[in-house]
Amino acid sequence: MFHAPHGNQQTLLPPAGEPETTTSARPGGADRPGRDAFFDNAKYLAIVLVAVAHAWEPVMDGSRATRALYMFVYTFHMPAFILISGYFSRSFTGRPDQLRRLVTGLVVPYLVFEVAYSLYRRWAGHTPDQAISLTDPIYLTWFLIALFVWRLSTPLWRSLRHPLPVALAIAALGSLTPGIGQDLDLQRILQFLPFFVLGLSLRPEHFELVRRRAVRLAAVPVALGALVFTYAIAPDVRMSWFYRSTSAEELDAPWWAGPVMTFSLFGCALVLTAAFLAWVPRRRTWYTALGAGTICGYLLHGFLVKAMDYWALVPGYGLGTPSGRVVVTVVAAVAVTAMCTPPVRRALRWVTEPRMEWAFRREASGLSRR
């Protein structure tokens, strides 16, 4: 199995010390040393889907089509994020330099943006009593702490003979456990865990597999069929199932619905993620370079989306109309694209890529590595 070289890292979110692919790991070959255009393209396209789907949430009431699109995207956009993050976590062994990158690339951004989103809600959301809780992630910050926990557990998953069935069993059991959703968003950590573990198990040839012509052609009817299906069931399905943040009991569903939905959504997400990756360009495009700044787009777009709610922009500007939803979609896509650009990445480097040499011993920087 290929292992990304230590210290040369790339993940879906940060330039946070995650393994970058080398030329030997690149689906379709390389066009630039050290980074893979395929995965940078996938990262950018995935963050656009995340931002657009978040922007649809305040405007989808009364539109069956928008709700269906929202459900369709939510089926696979975070699973795709997590799967690729798992794939680029395979070389994590807990070395001091890797632990340092966990702190600087995940814990520090989590702490800063947890406070920032809480203060933003106090001010813009007119909620002066909004607590600042470092153990109860607010809004989208849950993914940073989840990735921190998942990556710390990587050596354990790499040592198991059959890690994916174990992870699926844990996710199913999580759906049966009410009351654990707030502390570090543990429900999401458990229920999304199988996608991270699956990513740990993948090899470069698996990504080559989805790039085959037959798979690319099959991805079109699969995606269209999924859209038709989500349109048919959109009014009757609770979106909370897709968030993986609550148990079956908390959704007033029978206990067995938790495991059934866990396995069903895992299968659907896997199929749609494969369809998504099948059509991700492997060559360099105008947006390839933006893949390196997806952590900025992820962390910043939430302020824009929350403004729609805090400042009542939907009723105030008629954004709940068909034309308004188009405007929201375009603005979200353009805004998150701008947030991924190099100037924004450089401006946020103090929080997304802090050096923090003062906080770590020399060994943690990798300078004393054997």
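Up top is the structure.
Treat the numbers as computed from the prediction; the structure is a model and nothing was measured. (Residues numbered from 1 in each chain as written. Predicted model: local features only at pLDDT ≥ 70, side-chain atom pairs only at ≥ 80, totals over all residues. Heavy atoms only, no water.)

A.B. asks: What is the right way to read the side chain of R90 from this model?
C.D. replies: Counting through the fold element by element, R90 comes out in the loop between α2 (64-87) and α3 (96-124). Look at R90: it is buried, it has no salt bridge, and the nearest opposite charge is E205 at 7.6 Å. At 3.4 Å, the side chain of R90 and the backbone oxygen of L202 are in polar contact. (Helix = DSSP H or I, 4+ residues; strand = E, 2+ residues; numbered from the N terminus. Buried < 20%, exposed > 50% of the residue type's maximum accessible area, 1.4 Å probe, protein only. Lys, Arg positive; Asp, Glu negative; His and termini not counted. Salt bridge = Lys/Arg side-chain N within 4 Å of Asp/Glu carboxyl O. Polar contact = N/O pair within 3.5 Å; in protein donor to acceptor, adjacent residues only side chain to side chain.)

A.B. asks: Which parts of the structure should I look at to understand the packing of aromatic side chains?
C.D. replies: The relative placement of two aromatic rings is captured by the distance of their centres and the angle of their planes. Per the counting criterion, the structure on display carries 31 aromatic pairs. The interplanar angle of 75° and the centroid separation of 5.1 Å between the aromatic rings of Y120 and F303 together place this pair among those described as edge-to-face. Here Y120 is found in helix α3, whereas its partner F303 is found in helix α13 (residues 294-310), with 183 residues between them in sequence. Per residue, the accessibility class of Y120 equals that of F303, and both read buried. Taking the ring centre of W279 as reference, the NZ or CZ of R216 above it sits at 4.3 Å. (Phe/Tyr/Trp six-rings, centres within 6.5 Å; stacked < 30°, edge-to-face > 60°. Lys NZ or Arg CZ within 6 Å of the ring centre and 35° of its normal.)

A.B. asks: Just checking my understanding: could you explain the packing of α2 against helix α8 (residues 193-201) for this structure?
C.D. replies: Axis angle and axis distance: for two packed helices, these are the angle between their axes and the distance between the axes, and together they describe the pair. Running from N to C, α2 and α8 point in directions that differ by 40°, and their axes come no closer than 6 Å. With respect to their mutual orientation, α2 and α8 come out oblique. Between α2 and α8 lies a crossing whose hand is right-handed. Residues P79, I82, L83, S85, G86 and Y87 of α2 form the contact with α8, whose own contacting residues are F195, F196, L198, G199 and L200. Class assignment for the residues of the contact of α2 with α8 results in eight nonpolar, three polar and no charged. (Axes fitted to C-alpha atoms, helices over the stretch in contact; angles between N-to-C directions. Parallel < 35°, antiparallel > 145°, perpendicular 65-115°, else oblique. Left-handed = near helix turned anticlockwise from the far one by under 90°. Contact = heavy atoms within 4.5 Å. Nonpolar A, V, L, I, M, F, W, Y, C, P; charged D, E, K, R; others polar.)

A.B. asks: Looking at this structure, I do not really get α8. What am I missing?
C.D. replies: Structural remark: α-helix, 3.6 residues per turn; residues separated by three or four positions point the same way. Of all nine residues in α8, eight are buried; the element is thus mostly enclosed. Those residues of α8 lying buried are L193, P194, F195, F196, V197, L198, G199 and L200. On its buried side, α8 packs onto α2, α4 (142-152), α5 (154-159), α6 (163-174), α7 (186-191) and α12 (257-278).

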